[in-house]
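Descriptive structure summary
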Amino acid sequence: MLGQYLPFVGLIIFGNIENLVLSSQGVVAGVNPIKLAIASIICVSLWLIIGTFGTQLLIDYVDFIDFIGGVAILILGAQAMYTSIRGQ
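Let me begin by describing the structure that accompanies this report. Here the structure is a predicted model, which means the values were calculated and not measured. (Residues numbered from 1 in each chain as written. Predicted model: local features only at pLDDT ≥ 70, side-chain atom pairs only at ≥ 80, totals over all residues. Heavy atoms only, no water.)

Nonpolar side chains collect at one region of the surface, where Ile 34, Ile 38, Ile 42, Leu 46, Trp 47, Ile 49, Ile 50 and Phe 53 lie side by side and expose about 890 Å² of accessible area between them. Looking at the secondary structure, you find Ile 42 in helix α2 (residues 33-58). The partly exposed category is assigned to Ile 42, whose relative accessible area is 48%. (Patch = residues over 30% accessible without salt bridge, like charges linked within 9 Å, V, L, I, M, F, W, Y side chains within 5 Å. Areas by Shrake-Rupley, 256 points an atom, 1.4 Å probe, with all protein chains shown as cover. Salt bridge = Lys/Arg side-chain N within 4 Å of Asp/Glu carboxyl O. Helix = DSSP H or I, 4+ residues; strand = E, 2+ residues; numbered from the N terminus. Buried < 20%, exposed > 50% of the residue type's maximum accessible area, 1.4 Å probe, protein only.)

Another point: the layout of surface pockets. Space inside the largest pocket adds up to approximately 1,100 Å³. Residue lining of the largest pocket: 30 residues in total, with Leu 11, Ile 12, Gly 15, Trp 47 and Leu 48 positioned closest to the centre. Only α1 (9-28), α2 and α3 (62-86) provide two or more residues apiece to the lining of the largest pocket. The element that contributes the greatest number of residues to the lining of the largest pocket is α2, accounting for 14 residues. Of the residues that constitute the lining of the largest pocket, the class distribution is 19 nonpolar, 10 polar and one charged. (1 Å grid on protein atoms, 1.4 Å probe; cavity = no way out; pocket = protein on both sides within 12 Å on 5 of 7 lines; lining within 4 Å. Points joined across faces, edges and corners; volume = space filled by probe spheres on them. Nonpolar A, V, L, I, M, F, W, Y, C, P; charged D, E, K, R; others polar.)

For α1, spanning 20 residues, the distance from its first C-alpha to its last is 29 Å, which sits close to the expected 28 Å at 1.5 Å a residue. Among all positions in α1, only Gly 15, Glu 18 and Gly 26 are buried. Each buried residue of α1 lies within a common arc of 80° when the element is viewed along its axis, so the set occupies one face. Structural note: α1 exposes Phe 14, Leu 20, Val 27 and Val 28 on the side pointing more than 90 degrees away from its buried face. Looking at the packing, one finds that the buried side of α1 touches α2 and α3. Phi turns positive, to about 90°, at Gly 30, one or two residues after α1. (Expected span 1.5 Å × (residues − 1). Arc of directions from axis to C-beta. Contact = heavy atoms within 4.5 Å.)

Listed below in structure tokens is the structure:
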């Protein structure tokens, strides 16, 4: 069962790092930590469900999905760093 997820390992690892960056950015911005935690749990749970069923359906497009996901993670990470550097 885990074999079908191996092509997505890089995306999973960097996606989780990005989730940590975005969560810390929310805390620094003064967001209510309880609301942030609840929203994060809901989003992660939905992403797990979508990822589980989506992997089975879209395994043939793994290279394209990895590329798009990597670009999205890169853009969000750059935006988070830029915002942190500016102090906003």
